[in-house]
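# Structural description and commentary
As a plain string of letters, each chain reads:
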Amino acid sequence: MDQSLLHSHEVALRQGSWIKFICGASNEDLPSISDLCAVYAAAGVNCIDVAADYAVVAAAREGLDWVEANHGLRPWLMISVTDGKDIHFRKAFFDPKICPKECKRPCEKVCPTNAITKNSGVLNDLCYGCGRCIPVCPLKLINEKNNTLKIEDFGDLISRIKPDAVEIHTSPGRINEFENSLKSILKSKVTLRRIAVSCGLEIHGISKYKLSQELWSRHECLRRYKQKPIWQLDGRPMSSDIGISTAKAAISLLEKMHSIAPPGPLQLAGGTNSQTIHYLSPNNGLAGIAFGGIARKLIQPFLIEAKAKNKKLIEWPEGWDKALEVAKGLINPWLSNNY
Ligand code: SF4
Ligand code: SF4
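Residues numbered from 1 in each chain as written. Chains lettered and ligands numbered in written order. Predicted model: local features only at pLDDT ≥ 70, side-chain atom pairs only at ≥ 80, totals over all residues.

## Description of the overall build of the protein chain
- Helices and strands together make up the secondary structure of the protein chain, namely 11 helices and 10 strands.
- When burial is assessed residue by residue, the protein chain has 48% of its 339 residues classed as buried.
- A fraction of 76% describes how many contacts in the protein chain between residues 6 or more apart in sequence connect residues 24 or more apart. (Helix = DSSP H or I, 4+ residues; strand = E, 2+ residues; numbered from the N terminus. Buried ≥ 20, exposed ≤ 12 C-beta atoms within 10 Å, placed from the backbone. Contact = placed C-beta atoms within 7 Å.)

## Let's talk about helix H2 (residues 30-43)
- With 14 residues, H2 extends 20 Å from end C-alpha to end C-alpha; this agrees with the ideal 20 Å at 1.5 Å per step.
- Counting buried positions along H2 yields 12 of 14 residues, so the element is predominantly enclosed.
- Among all positions of H2, only Ser32, Ile33, Ser34, Asp35, Leu36, Cys37, Ala38, Val39, Tyr40, Ala41, Ala42 and Ala43 are buried.
- Packing partners of the buried residues in H2 comprise strand E1 (18-24), strand E2 (47-51), helix H3 (54-71), helix H10 (293-308) and helix H11 (317-335).
- Phi turns positive one or two residues past the end of H2, at Gly44, with a value near 110°. (Expected span 1.5 Å × (residues − 1).)

## Description of the packing of H10 against H11
- The geometry of H10 relative to H11 is characterised by a closest axis approach of 10 Å and an angle of 175° between their N-to-C directions. Relative to H11, the element H10 is oriented roughly antiparallel. Packed against H10, whose contacting residues are Ala295, Leu298, Ile299, Phe302, Glu305 and Ala306, the element H11 presents Gly319, Lys322, Ala323, Val326, Ala327 and Leu330 at the interface.
- Of the residues in the contact of H10 with H11, the class split is 9 nonpolar, 1 polar and 2 charged. (Axes fitted to C-alpha atoms, helices over the stretch in contact; angles between N-to-C directions. Parallel < 35°, antiparallel > 145°, perpendicular 65-115°, else oblique. Nonpolar A, V, L, I, M, F, W, Y, C, P; charged D, E, K, R; others polar.)

## Examining the packing of helix H6 (residues 154-161) against helix H7 (residues 175-186)
- Two numbers describe how H6 lies on H7: the axes approach to 7 Å, and their chain directions differ by 40°. Compared by their axis directions, H6 and H7 come out oblique. Pair H6 / H7 crosses with right-handed handedness. For the pair formed by H6 and H7, the contact residues are Phe154, Gly155 and Ile158 on the first element and Ser181, Ser184 and Ile185 on the second. (Left-handed = near helix turned anticlockwise from the far one by under 90°.)

## Some thoughts on the sheet that holds E1
- Ordered in space as E1-E2-E3-E6-E7-E8-E9-E10, the 8 strands form a closed barrel in which the pairing is parallel. Each adjacent strand pair in this sheet contributes to an overall mean axis angle of 25°, direction not counted.
- In the sheet, E1 pairs with strand E10 (residues 286-291) via 4 bridges, with the strands oriented parallel. Within E10, the residue paired with Lys20 across the bridge is Ala290. (Pairing = 2+ DSSP bridges.)

## Points about the site of ligand 2
- Around ligand 2, the neighbouring residues are Phe94, Cys99, Cys103, Arg105, Pro106, Cys107, Cys137, Leu139, Leu141 and Ile142.
- Here the shell around ligand 2 is composed, by residue class, of 9 nonpolar, no polar and 1 charged. (Near = placed C-beta within 6 Å.)

## Overview of the pairing of E1
- The buried fraction of E1 amounts to 7 of the 7 residues, a majority that puts the element mostly inside the structure.
- Pairing analysis gives 4 bridges linking E1 to E2, with the strands arranged parallel. Across the sheet, Phe21 pairs through a bridge with Ile48, a residue of E2.
- Tracing the backbone out of E1, into H2 and back to the parallel element E2 gives a crossover that is right-handed. (Right-handed = clockwise from strand over helix to strand, strands pointing away.)

## Observations regarding H6
- By the burial criterion, the buried members of H6 are Phe154, Ile158 and Ile161. Looking straight down H6, one finds that the buried residues subtend no more than 70° of arc, so they occupy a single side.
- Buried residues belonging to H6 abut H3, strand E3 (76-82), strand E6 (165-169) and H7.
- Lys162 sits one or two residues past H6 and shows a positive phi near 50°. (Arc of directions from axis to C-beta.)

## Points about the domain arrangement of the protein chain
- According to the domain assignment, the protein chain contains domain 1 (4-81 + 205-220 + 230-335) and domain 2 (90-146).
- Averaged C-alpha coordinates put domain 1 and domain 2 at centres separated by 26 Å.
- With 8 residues of domain 1 in contact, the opposing surface of domain 2 contributes 11 residues.
- Here the side of domain 1 that touches domain 2 is composed, by residue class, of 1 nonpolar, 4 polar and 3 charged. (Domains from an automatic or database assignment.)

## Some words on the environment of Ala55
- By the element assignment, Ala55 lies in helix H3.
- On a C-alpha basis, the gap between Ala55 and Asp29 in space is 9.8 Å, while along the polypeptide they are 26 residues apart.

See the structure below:
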């Protein structure tokens, strides 16, 4: 890997043109992960954020190696962990044997990744925990399960994976768990370019001052351990990232936190989409943006078509070119910091 390619991403953070692709903290669909990482790396994102799983990281690196060889680009590879229960780290499940035969299977219709197919329960690898299937079951048969690593296992995993950066999802009141997570991560002895801290307001029902206090306590902790942060403001988590209201929810969080957040780059996530850029006010203090559900949804049709051809997207030039054009349509407006 050409290390010089990785340095430019710090510049993007300073210039306010940082872009991250969120592959999904619970996404374990390996063929699609490789192609998704490839297409957004080639589109020019600075960072790819994937599940903390050895096989997932191997699939992501396969896509990233191909892009480095063919496009001369290499984003940071970030893995996401959580210091406690978090909806980004869940999977849905139900027992299909107890579903009535006459059920019209609304769960199957709403699932964006085809993780529920005819007669099946939830296909674990394809479920990324969006939660859309849970409320639509008329018999309330669908439950969620945690898909989290134990904090004490972070160090071992990170020493094997050697990511460029780690993100810790945290919640109000979990400063001790946060510090334990950080200590476990640092046991790996891997030099990390940044530790991203992801937290939001809406989901916890707390005030902006409380969130600020929580982030400042993480700031003190990161300083003690000589780590550099990225503050990921999680506007409307797992919102499917569609439409103006989710875009505005993410921006509203930035506007609330801009002047009271601790030092370090502020990056938006959770509800961000192609509309977000149009609602940003000047001097917003934004260092960057992350795209999750919307980015995956845009590329999904190409992945499905490639699969039908029994190929990977990178092996199908016509589909790759079209998918890359679509990815660039989302990314390009953010590559300059003139928003
Ligand atoms: S709708 Fe979402 S939570 Fe339910 S199975 Fe599909 S991906 Fe998983
Ligand atoms: S909607 Fe509920 S009852 Fe119907 S197939 Fe899905 S899980 Fe089973």
